[in-house]
Amino acid sequence: MKRIAVFASGFGSNLQALIDFSKNDDLGGEIVLVISNKSSAFALQRARDNGIKAVFLDPAQFKTRGEFDEQVAGILEEEKIDLVVLAGYMLLIGQNILAKFRNSIINIHPALLPAFKGIHGIKDAFDYGVKVTGVTVHFVDEGLDSGPIIMQQAVEISDDDSAETLEEKIHAVEHKLYPLAVKYFCTGRLKITGRKVHITQ
Ligand code: GRF
């Protein structure tokens, strides 16, 4: 069983989808830790409600960003974490953590990368007027939303969609896709060659 840490800054609906999936299906791993940089993140409550260790770390309490990252890295090491799952985590991952967890940190982005990178992926796609957007799960590297793509699923934008209805559609797809991607990682089915990720049988 892989030991999974989820990093979340907000509502945590993707964390919930992972928890729910693991109750009914074999995730191949156990969520043992949730870390948040926001004390008010509902994700922390979801963790506690499900008996998962919940840790709030305030970046403002550290002299430098490097010290904050060291603390995060230390907790990951203590908890013997194999996979870091970013689920609405609004901080960039520090270099030291990236180096220690190369190809073991994944993120979900609410658009079809490399289109609409950044924190407003849903609204940016909607405002641009694209007819198709979607969801991307990818490995995390040094860049912004730039690592090798694991899975993508398209979502159509119809004339009667609003930014809000599009958001609902995107989240529904996220909640199906992310647990699958985590399962593939945990069961050793992801093979990375350069930028290409193959899902093996
Ligand atoms: C999701 O839309 C995800 O794609 C993005 O942040 C949002 C997090 O939502 N990275 P939640 O906190 O999981 O509900």
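As a starting point, this report considers the structure included with it.

Here is what the cut-offs are and how they apply
Residues numbered from 1 in each chain as written. Predicted model: local features only at pLDDT ≥ 70, side-chain atom pairs only at ≥ 80, totals over all residues. Heavy atoms only, no water. Near = heavy atom within 4 Å. Polar contact = N/O pair within 3.5 Å; in protein donor to acceptor, adjacent residues only side chain to side chain. Areas by Shrake-Rupley, 256 points an atom, 1.4 Å probe, with all protein chains shown as cover. 1 Å grid on protein atoms, 1.4 Å probe; cavity = no way out; pocket = protein on both sides within 12 Å on 5 of 7 lines; lining within 4 Å. Sits in = over half its atoms within 2 Å of the grid points. Helix = DSSP H or I, 4+ residues; strand = E, 2+ residues; numbered from the N terminus. Axes fitted to C-alpha atoms, helices over the stretch in contact; angles between N-to-C directions. Parallel < 35°, antiparallel > 145°, perpendicular 65-115°, else oblique. Left-handed = near helix turned anticlockwise from the far one by under 90°. Contact = heavy atoms within 4.5 Å. Nonpolar A, V, L, I, M, F, W, Y, C, P; charged D, E, K, R; others polar. Points joined across faces, edges and corners; volume = space filled by probe spheres on them. Pairing = 2+ DSSP bridges. Core = buried A, V, L, I, M, F, W, Y, C linked by side-chain atoms within 4.5 Å. Buried < 20%, exposed > 50% of the residue type's maximum accessible area, 1.4 Å probe, protein only. Salt bridge = Lys/Arg side-chain N within 4 Å of Asp/Glu carboxyl O.

### Quick word on the site of the ligand
Okay, step 1: Looking at the ligand, the residues that line it are Phe11, Gly12, Ser13, Asn14, Gly88, Ile108, His109, Pro110, His171 and Glu174.
Okay, step 2: Residue Glu174 places a side-chain N or O atom 2.3 Å away from an oxygen atom belonging to the ligand.
Okay, step 3: For the ligand, whose free accessible area comes to 370 Å², the fraction covered by protein is 82%.
Okay, step 4: More than half of the atoms belonging to the ligand lie within 2 Å of the grid points that define the largest pocket.
Okay, step 5: Contributing elements (two or more residues each) for the shell around the ligand: helix 1 (13–24), strand 5 (105–109) and helix 6 (163–186).

### Let's talk about the packing of helix 1 against helix 6
To describe two helices that pack against each other, one gives the angle between their axes and the distance between the axes.
Okay, step 1: Where helix 1 meets helix 6, the closest approach of the two axes is 9 Å, and the angle between their N-to-C directions is 60°. On the basis of the axis angle, helix 1 is oblique to helix 6. Considering the relative orientation of helix 1 and helix 6, their crossing is right-handed. Of helix 6, the residues touching helix 1 (which contributes Ser13, Asn14, Ala17, Leu18 and Phe21) are Glu174, His175, Tyr178, Pro179, Val182 and Lys183.
Okay, step 2: Here the contact of helix 1 with helix 6 is composed, by residue class, of six nonpolar, three polar and two charged.

### A word on the layout of surface pockets
Okay, step 1: Size it by volume and the largest pocket reaches roughly 970 Å³.
Okay, step 2: Gly88, Tyr89, Met90, Ile108 and Ile119 are the residues nearest the centre of the largest pocket, which is lined by 37 residues in total.
Okay, step 3: Of all the elements in the fold, those that place two or more residues in the lining of the largest pocket are helix 1, helix 4 (95–100), strand 5, helix 5 (121–128) and helix 6.
Okay, step 4: Ranked by residues supplied to the lining of the largest pocket, first place goes to helix 6 with four residues.
Okay, step 5: Classifying every residue of the lining of the largest pocket by side-chain character gives 16 nonpolar, 15 polar and six charged.

### Some details on the packing of helix 1 against helix 2 (residues 42–49)
Okay, step 1: Put simply, helix 1 and helix 2 touch, their axes get as near as 9 Å, and they point 20° apart. In terms of orientation, helix 1 and helix 2 fall into the roughly parallel class. Here the hand of the crossing between helix 1 and helix 2 comes out right-handed. Along its contact with helix 1, which presents Ser13, Leu15, Gln16 and Ile19, the element helix 2 presents Ala43, Arg46 and Ala47.

### Points about the sheet that holds strand 5
Okay, step 1: The strand order across the open sheet built from seven strands is 3-2-1-4-5-6-7, with neighbouring strands paired in mixed fashion. Among the strands making up the open sheet, the edge pair consists of strand 3 (53–56) and strand 7 (149–156). Between one strand axis and the next, the sheet turns by 20° as a mean value, whatever way the strands run.
Okay, step 2: Contacts between helix 2 and the sheet are confined to strand 2 (29–36) and strand 3, with strand 3 contributing the most and set at about 155° to the helix.
Okay, step 3: Helix 6 rests against strand 1 (2–7), strand 2, strand 4 (83–86), strand 5, strand 6 (132–139) and strand 7 of the sheet, and its axis sits at about 160° to strand 7.

### Notes on the nonpolar core
Okay, step 1: In terms of nonpolar packing, the biggest core is built from 39 residues, with Ile4, Val6, Ile31, Val85, Ile106, Ile150 and Val182 touching the most fellow members.
Okay, step 2: Examining the composition of this core, we find that 10 residues originate from one element, helix 6, more than from any other.
Okay, step 3: Among residues more than four places away in sequence, those in contact with Ile106 are Leu83, Val84, Val85, Leu86, Val137, His138, Phe139, Val140, Ile150, Tyr178 and Val182.
Okay, step 4: Ranked by size, the runner-up nonpolar core spans 23 residues in total, among them Ile75, Leu76, Leu86 and Ile93.

### As for the pattern of salt bridges
Okay, step 1: Within this structure, the stated rule accounts for seven salt bridges.
Okay, step 2: Where Glu79 meets Arg3, a salt bridge forms, and the shortest distance between an N and an O atom there is 3.3 Å. With Glu79 in the loop between helix 3 (65–78) and strand 4 and Arg3 in strand 1, the pair connects residues that are 76 residues apart, well separated along the chain.
Okay, step 3: In this structure, a network of salt bridges that share partners links the residues Arg3, Lys53 and Glu79.

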